[in-house]
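Take a look at the letters that make up each chain.
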Amino acid sequence: MAGEIPDLVALERTGTGKGAARQARRAGMVPGIVFGGDVDPLPIQIPFNVLFKRLKAGRFKSTLFNLKVEGHDDVRVICRDVQRDVVKDLPTHLDLMRLRRTTKINLFIPVEFVGEDVAPGLRKGGVVTIVRPEVELICTAGDIPEKIIVDLSEMEIGDVATISGVTLPEGTKPTIDRDFVIANIAAPSGLASADDDEEGEGAEAEEAVEAEVAAEE
């Protein structure tokens, strides 16, 4: 995982259950729970504005955080769920899971494409078709990649980019046990239509010749 592990500061929440959760929300907090790690679950609460900003920034569920709660040791956590209001779509509760650095977890990692400005296939008018904007990987908690880089710089029309061409951190692998397609460069629609027309005309000509031969026989 590139860069330092970001801090996520929370407060310990007194009381559990729906009543305590409602009280936290009235105070402008989002209640949550920290579980796992062979210790008791820890009820927490995070200021709504802080959590909302984190969610808006993206990749919240694929980011490893250093959770800081006063009175408790810092611990690495990852978000396993964010519950939202069904009408307003605002966060109402979150679940965080404690992790060791060597813990293996499944995460969807976004794909970033580079080299589009020099790709021969694109310079000839081809179009990038993105099959997988993100890929599910089995990662070590201490080495979660921020993104997967797919290089298009040498791709021609008709070429495909597969997972086997992507460099992944050591110990990281896809959850799918085969070489799957991430993207391809397709011919522009006009060229594809012209090719189809030519193929159709060729087939019709062949059929006409075969008919004439059959008549002569």
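Please refer to the structure placed before this passage.
Residues numbered from 1 in each chain as written. Predicted model: local features only at pLDDT ≥ 70, side-chain atom pairs only at ≥ 80, totals over all residues. Heavy atoms only, no water.

Engineer: Could you give an account of unusual backbone geometry, with specific residues and numbers?
Structural biologist: Phi at Asp38 is positive, roughly 60 degrees, even though this residue is not glycine. Note on Asp38: relative accessible area 73%, which makes it exposed. Even without a glycine there, the phi angle at Asp89 is positive, about 60 degrees. With respect to the secondary-structure elements, Asp89 resides in the loop between β5 (75-84) and β6 (91-99). A relative accessible area of 46% means that Asp89 is categorised as partly exposed. (Buried < 20%, exposed > 50% of the residue type's maximum accessible area, 1.4 Å probe, protein only. Helix = DSSP H or I, 4+ residues; strand = E, 2+ residues; numbered from the N terminus.)

Engineer: Tell me what's going on with the pairing of strand β9 (residues 134-140), and back it up with residues and numbers.
Structural biologist: In terms of strand pairing, strand β7 (residues 104-114) meets β9 through seven bridges, oriented antiparallel. Opposite Ile105, over in β9, you have Cys139 as the bridge partner. Judged from the two bridges that link them, β9 and strand β12 (residues 173-174) form a sheet pairing that is antiparallel. Bridge pairing links Ile138 to Lys173 in β12. (Pairing = 2+ DSSP bridges.)

Engineer: I'd love a proper account of helix α1 (residues 18-26), names of residues and values included.
Structural biologist: Taken residue by residue, α1 has Ala20, Ala21 and Ala24 as its buried positions. Looking straight down α1, one finds its buried side chains confined to an arc of 100 degrees; they lie on one side. Seen from the open side of α1, the exposed residues pointing more than 90 degrees away from its buried face are Lys18, Gln23 and Arg26. Two residues or fewer past α1, Gly28 is found with a positive phi of approximately 80 degrees. (Arc of directions from axis to C-beta.)

Engineer: Break down the packing of aromatic side chains for me, with residues and values.
Structural biologist: Geometrically, a pair of aromatic rings is defined through the distance of the ring centres and the angle of the planes. Counted by the stated rule, this structure contains two aromatic pairs. Residues Phe48 and Phe52 carry aromatic rings whose centres are separated by 5.7 Å and whose planes lie at 15 degrees to one another, so their mutual orientation is stacked. Placement of both Phe48 and Phe52 in helix α2 (residues 48-57) is noted, with a separation of four residues, approximately one turn of the helix. Its relative accessible area of 24% is what places Phe48 among the partly exposed residues. Here Phe52 falls in the partly exposed class, since its relative accessible area comes to 34%. Here Phe60 and Phe65 contribute two aromatic rings whose centre-to-centre distance is 5.2 Å and whose plane-to-plane angle is 45 degrees, an arrangement assigned as tilted. No difference in accessibility class separates Phe60 from Phe65, as the two residues are buried. Against the face of Phe180 rests Arg132, its NZ or CZ located 4.5 Å from the ring centre. (Phe/Tyr/Trp six-rings, centres within 6.5 Å; stacked < 30°, edge-to-face > 60°. Lys NZ or Arg CZ within 6 Å of the ring centre and 35° of its normal.)

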